[in-house]
Amino acid sequence: MTDESLAAIRAIIDRNCLWLELLPDFGEEIWREAQGIELVPLTVPTLQLKVKRTHSPYRKNRIIQVSFYDLDVAARKASMNQGFAKRWEANHPSVADVEQLFALATAAALKLSLFDFDRYR
């Protein structure tokens, strides 16, 4: 995931999400990877989203982490759609693209419920 892609995602969430905010610093998750017969700890960077208002089932001030790896895999899956692929390569994803990206990355556990303010201007 490039810095430009992250900046585009950040801008869309900041502008269109009423219940989440993207925290400025990245988090880390510890994953375990099998190497031979051993499990080796792996540090994976994550995006951190903070719940601004209670939005069922998420309570206010909860921190939700989504790993960069899951976002990259989701972007590759979503890139099968030519429209998404063109917008993603140009670093101009739409509101629907960002919602789809997070739904794929979290196995539909996190629905951003973004409101497309630009559509009604």
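For clarity, every value in this text was computed on a predicted model and none was experimentally measured. (Residues numbered from 1 in each chain as written. Predicted model: local features only at pLDDT ≥ 70, side-chain atom pairs only at ≥ 80, totals over all residues. Heavy atoms only, no water.)

A. Spatial organisation of the pairing of strand S2 (residues 27–35). Direction of pairing for S2 relative to strand S3 (residues 38–51): antiparallel, over a ladder of 9 bridges. Paired with glutamate 28 across the bridge in S3 is proline 45. In sequence, S2 turns back onto S3 through a hairpin of 2 residues, with glycine 36 there showing a positive phi of about 70°. (Pairing = 2+ DSSP bridges. Helix = DSSP H or I, 4+ residues; strand = E, 2+ residues; numbered from the N terminus.)

B. Structural context of the packing of aromatic side chains. This model, assessed by the stated rule, comprises 4 aromatic pairs. Each ring, one from phenylalanine 26 and one from phenylalanine 68, has its centre 5.2 Å from the other, and the planes form 80°; the classification is edge-to-face. With phenylalanine 26 in the loop between strand S1 (20–22) and S2 and phenylalanine 68 in helix H2 (residues 68–78), this pair connects stretches of sequence that are 42 residues apart. The exposure class assigned to phenylalanine 68 is buried, which follows from its relative accessible area of 15%. (Phe/Tyr/Trp six-rings, centres within 6.5 Å; stacked < 30°, edge-to-face > 60°. Buried < 20%, exposed > 50% of the residue type's maximum accessible area, 1.4 Å probe, protein only.)

C. Seen up close, the pattern of salt bridges. In this structure the tally under the stated criterion is 1 salt bridge. When the shortest N-O distance is used, the salt bridge between aspartate 97 and arginine 87 registers 2.6 Å. Within this pair, whereas aspartate 97 is found in helix H4 (residues 95–105), its partner arginine 87 is found in helix H3 (residues 82–89), the two being separated by 10 residues in sequence. Relative accessible area serves as the criterion here: at 31%, arginine 87 is assigned to the partly exposed category. (Salt bridge = Lys/Arg side-chain N within 4 Å of Asp/Glu carboxyl O.)

D. Quick look at the nonpolar core. Ranked by internal contacts, the top residues of the largest apolar core, which has 29 residues, are Ile13, Leu49, Phe102 and Leu110. When contributions to this core are tallied by element, the ones reaching two or more residues are helix H1 (3–16), S1, S3, strand S4 (63–67), H2, H3 and H4. Beyond its immediate stretch of four places on either side in the chain, leucine 110 contacts Trp19, Leu49, Tyr58, Ile64, Val66, Phe102 and Ala103. (Core = buried A, V, L, I, M, F, W, Y, C linked by side-chain atoms within 4.5 Å. Contact = heavy atoms within 4.5 Å.)

E. Summary view of the packing of H3 against H4. Where H3 meets H4, the axes come as close as 11 Å, and the angle between the chain directions of the two elements is 100°. The orientation of H3 with respect to H4, classified from their angle, is roughly perpendicular. In contact with Phe84, Arg87 and Trp88 of H3, H4 contributes Asp97, Gln100 and Leu101. For the contact of H3 with H4, a count of residues per class yields 3 nonpolar, 1 polar and 2 charged. (Axes fitted to C-alpha atoms, helices over the stretch in contact; angles between N-to-C directions. Parallel < 35°, antiparallel > 145°, perpendicular 65-115°, else oblique. Nonpolar A, V, L, I, M, F, W, Y, C, P; charged D, E, K, R; others polar.)

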